[in-house]
Amino acid sequence: MKKIITGLLLASSFLASAAEPEFNAKQLKQVAELRDNASNSDLSYQLLESLTTEIGPRLPGTENDKKAVAWAQAKFKQLGFDKVWLEEATFPEWRRFNESGKILTPSEQPLHLTALGHSVSTPKDGITAEVILFETLDELIAAPANSLKGKIAYINYRMNRDIDGNGYGPAVRARSTGSVEAAKKGAIGYMMRSVSTAHHRFAHTGGSHYQDGVTKIPNVTIANPDADQIARLIALGKNVTVNINVQTEDRGQGTGYNVIGQFNGTQNPEQYVLIGGHLDSWDLGTGALDDGAGVALTMAAAKHISEIKRPKRSIRVVLFAAEELGLWGAKAYFKQHANELDKIVAAAESDFGADVVYGFESNVSAASLPVVRAIAKQLAPLNVEYIGKNSANGGPDLIPFKNATSAPIFELHQNGTDYFDYHHTADDTLDKVDPAKLKQNTAAYAVFAFMAADAKTTIKAKPVASK
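Residues numbered from 1 in each chain as written. Predicted model: local features only at pLDDT ≥ 70, side-chain atom pairs only at ≥ 80, totals over all residues. Heavy atoms only, no water.

- Identification of the chain as Carboxypeptidase Q from Pseudoalteromonas prydzensis is taken from an unreviewed UniProt entry.
- Quoted verbatim from the Subunit (unreviewed entry) heading of the UniProt record, the comment on the chain is "Homodimer. The monomeric form is inactive while the homodimer is active." (UniProt positions renumbered as here; feature names shortened; annotations may be inferred.)

Below, the structure is given as structure tokens:
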């Protein structure tokens, strides 16, 4: 009987322990105070204003990129981060100098275009050729061999508008490899409709890639109204000839830096929550939405946490280098920290503009879901909905981490309905950021990062499926 009673008492103790909340009343009070402080603070907007005004565009490898690194170091130190350091990242450096275009036939009209990242130059007088239209990349791939000899291939794919930006992926396929497929068919140049949901007359730049053994041809996008104009002319049966002139330079290997700031945890400082964005931007605008906002709000979120309480685990803010030219800072970080990824208890990147966070999603082990649900409950007052699919992808700079056994990924889904109106254009400037929405983002990241760092249970990644 004594053994039975002892067993029952042990079982009862275990059940009581299992039912203990992840956060006690004092912690939840701190969360509420943190949420309110961040929701009413101008810090994130002040940081964003400073970055976009004092530095401006930050194309990797440029003087402004170097100034941004120094800016970030100084701001981390001013904000009182315990540790601030740099980690080197190399990347293929590229410059844009001049670009212009025009329709020549059936009548002369200006053509608003921009070179895609890594595009080669045209001759100094540009290239002039007939335009051959395709609606999708797959149609271009299916074109007969040599059918585009001496022509300019043009893909007219229209990106759809949606809150989660789901039209971006299919459009990026054409942006990334369209010039390669066009060159295989004999084309001397490649154009595409901007990867954009806008009606304004700005062309949207972005990354593109060449392939060894395939001729490199000039590679541009055109503003959506101009794309419509060309499509209408071709639909009327007109022979459309254009001149494209872009002057660029491949400068070989460049060197940049991930800039990292950390507030140390009180109990397990070697474990950390990773938040951040990418410090670089394209050269056309000032990179306010992409990704100055992500830089500013994650720096501010960490600072607000430090003012309430130092959590058990560290808060690390990583400002990644050279994201726009191919995730080079993220790749360097992953490589340098490959043997210690199990120290990351949660990772989230803000790189989708500055509209409100509407959803919260994880990609963690099943045992970690009680912590996730507790965090979601404290995000609800910010009108953030819990998305329980547990299949978050994270931001672009987290792509190298997704297959790691020890990187729990989170996504604070932002409303991207209008994001691709401004993305990668000259119109990506500070005036497009609503300070109230930026505060809501900051508060959401602060609540998430604090609770992930201070939870009783250490959040773990999903186990890798056996092959």
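**Regarding unusual backbone geometry**
Point 1. For the bond running from Thr-105 to Pro-106, omega is 15°, close enough to zero to count as cis.
Point 2. With respect to the helices and strands, Pro-106 occurs in the loop between strand S1 (83–105) and strand S2 (109–110).
Point 3. With an omega of 5°, the peptide bond between Asp-290 and Asp-291 qualifies as cis.
Point 4. Phi is positive for Asn-383, close to 65°, though the residue is something other than glycine. (Helix = DSSP H or I, 4+ residues; strand = E, 2+ residues; numbered from the N terminus.)

**Focus on the pattern of salt bridges**
Any two side chains of opposite charge can pair, on the condition that their charged atoms come close.
Point 1. Taken as a whole and assessed by the stated rule, the structure comprises 22 salt bridges.
Point 2. The salt bridge partner of Asp-42 is Lys-439, with a shortest N-O separation of 3.2 Å. Separated by 397 residues along the polypeptide, Asp-42 in the loop between helix H2 (25–39) and helix H3 (43–55) and Lys-439 in helix H12 (residues 435–454) bring together distant segments of the chain.
Point 3. Measuring nitrogen to oxygen at the nearest pair gives 3.2 Å for the salt bridge that ties Arg-158 to Asp-228. Here Asp-228 lies in helix H7 (residues 224–235) and Arg-158 lies in the loop between strand S5 (152–155) and helix H6 (168–184), a separation of 70 residues in the sequence.
Point 4. Several salt bridges converge on common partners, so that one network encompasses Glu-93, Arg-95, Glu-249 and Arg-251. (Salt bridge = Lys/Arg side-chain N within 4 Å of Asp/Glu carboxyl O.)

**Looking at empty space enclosed by the protein**
Point 1. Summed over the entire model, instances satisfying the criterion amount to one cavity of 30 Å³ or more.
Point 2. Approximately 50 Å³ is the volume attributed to the largest cavity.
Point 3. Forming the boundary of the largest cavity are Ser-281, Trp-282, Gly-285, Thr-286, Gly-287, Asp-290, His-424, Thr-425 and Asp-428.
Point 4. Within the lining of the largest cavity, the residues separate by chemical class into one nonpolar, six polar and two charged. (1 Å grid on protein atoms, 1.4 Å probe; cavity = no way out; pocket = protein on both sides within 12 Å on 5 of 7 lines; lining within 4 Å. Points joined across faces, edges and corners; volume = space filled by probe spheres on them. Nonpolar A, V, L, I, M, F, W, Y, C, P; charged D, E, K, R; others polar.)

**Remarks on the pairing of strand S7 (residues 219–222)**
Point 1. A two-sided burial pattern is seen for S7, the buried positions comprising Asn-219 and Thr-221 on one face and Val-220 and Ile-222 on the other.
Point 2. Relative to S7, strand S3 (residues 113–115) runs antiparallel, the two being bridged by three bridges. Following the sheet pairing, Ala-115 is matched in S7 by Val-220.
Point 3. Direction of pairing for strand S6 (residues 189–193) relative to S7: parallel, over a ladder of four bridges. Counted as the bridge partner of Arg-193 is Ile-222 from S7. (Buried < 20%, exposed > 50% of the residue type's maximum accessible area, 1.4 Å probe, protein only. Pairing = 2+ DSSP bridges.)

**Quick notes on the packing of aromatic side chains**
Point 1. Counted under the stated rule, the structure contains 14 aromatic pairs.
Point 2. Summarising the aromatic geometry, the rings of Tyr-445 and Phe-448 are spaced 6.5 Å apart at their centres and angled 90° between planes, so their arrangement reads as edge-to-face. Of this pair, Tyr-445 and Phe-448 both sit in helix H12, three residues apart, which is roughly one turn of that helix.
Point 3. Of the residues examined, Tyr-445 reaches a relative accessible area of 0% and is grouped as buried.
Point 4. Directly above the aromatic system of Trp-328 lies the positively charged group of Lys-331, at a separation of 4.1 Å from the ring centroid. (Phe/Tyr/Trp six-rings, centres within 6.5 Å; stacked < 30°, edge-to-face > 60°. Lys NZ or Arg CZ within 6 Å of the ring centre and 35° of its normal.)

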